[in-house]
Amino acid sequence: GAVVSQHPSWVICKSGTSVKIECRSLDFQATTMFWYRQFPKQSLMLMATSNEGSKATYEQGVEKDKFLINHASLTLSTLTVTSAHPEDSSFYICSALGALGTEAFFGQGTRLTVV
Amino acid sequence: AQKITQTQPGMFVQEKEAVTLDCTYDTSDPSYGLFWYKQPSSGEMIFLIYQGSYDQQNATEGRYSLNFQKARKSANLVISASQLGDSAMYFCAMREGNFGNEKLTFGTGTRLTIIP
């Protein structure tokens, strides 16, 4: 299957700093990518849908100024957590949708800890 | 309202038995897709099976099959001959919306434990 690479796999940062997470589709072009947040023992909560070349569509309750999403190319989408606080600590995972919409490939996830 | 409902938070199944994980969905889109993923404790999301809303036949992938009942809006996953390695969280997900306006949303998951 196709490969989606997410980096970093884990990061610890100080409160008030910003963290950028990258999601790359390595062997196919992904027009649409999704960003999720997952709390321990819970489901994946869709944060936003990112489409190449356009602004991301955020889910209700997700602060777009705090979670900046950029999808500048067909192989790369980034999520930047700005002015991170301890409550932003979570597992973030991206997914790239295949061209036909019949496949959605996931990155390995990023465990963010804000101290 | 929940788009994807998984009513079984946890299941315990004897090794080698078949198991059915329930999933119901809600959408008004005529075209949509249903996915099942396995998430072991490592956190990675492993794709298992896909069913398109217009597919006439139920999807099958090895030991996995999807019991698609469109009128009931259900898409249950059936795992035949369960193995110890099947112990994990299982998520049902739905893709809806048109090109450029798509969403992929997940149910709350079922934790499956296979007993030796």
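Everything in this summary refers to the structure shown in the same document.

For the rest of this paragraph, the subject is the packing of aromatic side chains. For any pair of aromatic rings, geometry is given as the distance between the ring centres together with the angle between the planes. Residue and element names in this part refer to chain A. Counted under the stated rule, the structure contains 14 aromatic pairs over all chains. Measuring from centroid to centroid gives 5.4 Å for F28 and F105, while their planes differ by 65°, and the two rings are edge-to-face. Taken together, the positions of F28 in the loop between β3 (19–25) and β4 (32–38) and F105 in strand β10 (residues 104–106) put the pair 77 residues apart, joining distant regions of the chain. Of the two residues, F28 and F105, both sit in the buried class. With centroids separated by 6.0 Å and ring planes inclined at 35°, the aromatic side chains of Y36 and F106 adopt a geometry described as tilted.

The interface of chain B with chain A comprises 17 residues on the first partner and 21 residues on the second. Buried area between chain B and chain A, summed over both chains or domains, comes out near 1,600 Å², and the portion from carbon and sulfur atoms is 59%. On the chain B side of the contact with chain A, M45, E102 and L104 of chain B bury the most area, a combined 29% of that side's loss. Linking chain B with chain A are one salt bridge, by the criterion used here. Here K103 of chain B makes a salt bridge to E59 of chain A, at a shortest N to O gap of 3.2 Å.

Moving on: a nonpolar patch on the surface. A cluster of nonpolar residues, W10, I12 and V115 of chain A, forms a patch on the protein surface that exposes about 380 Å² of accessible area. Of note, I12 of chain A is situated in strand β2 (residues 10–13).

Regular strands place side chains that alternate from one sheet face to the opposite one. All names here are of chain B. The element strand β10 (residues 88–96) is largely enclosed, with a buried count of nine among its nine residues. Taken together, the seven bridges between strand β5 (residues 33–39) and β10 define a ladder with antiparallel strand orientation. Looking at the pairing, Y37 lines up with F91 of β10. Across three bridges, β10 lies against strand β12 (residues 110–115) in antiparallel orientation. Bridge pairing in β12 places A88 opposite L112. Pairing of β10 with strand β11 (residues 103–106), which is carried by four bridges, proceeds in the antiparallel orientation. Among the inter-strand pairings, E96 is bridged to a residue of β11, identified as K103. Hairpin connection from β10 to β11: six residues lie between these consecutive antiparallel strands, with G97 at a positive phi of about 100°.

Parameters at a glance
- Residues numbered from 1 in each chain as written.
- Chains lettered and ligands numbered in written order.
- Predicted model: local features only at pLDDT ≥ 70, side-chain atom pairs only at ≥ 80, totals over all residues.
- Heavy atoms only, no water.
- Phe/Tyr/Trp six-rings, centres within 6.5 Å; stacked < 30°, edge-to-face > 60°.
- Helix = DSSP H or I, 4+ residues; strand = E, 2+ residues; numbered from the N terminus.
- Buried < 20%, exposed > 50% of the residue type's maximum accessible area, 1.4 Å probe, protein only.
- Contact = heavy atoms within 4.5 Å.
- Buried area = accessible area lost by both parts, 1.4 Å probe.
- Salt bridge = Lys/Arg side-chain N within 4 Å of Asp/Glu carboxyl O.
- Patch = residues over 30% accessible without salt bridge, like charges linked within 9 Å, V, L, I, M, F, W, Y side chains within 5 Å.
- Areas by Shrake-Rupley, 256 points an atom, 1.4 Å probe, with all protein chains shown as cover.
- Pairing = 2+ DSSP bridges.

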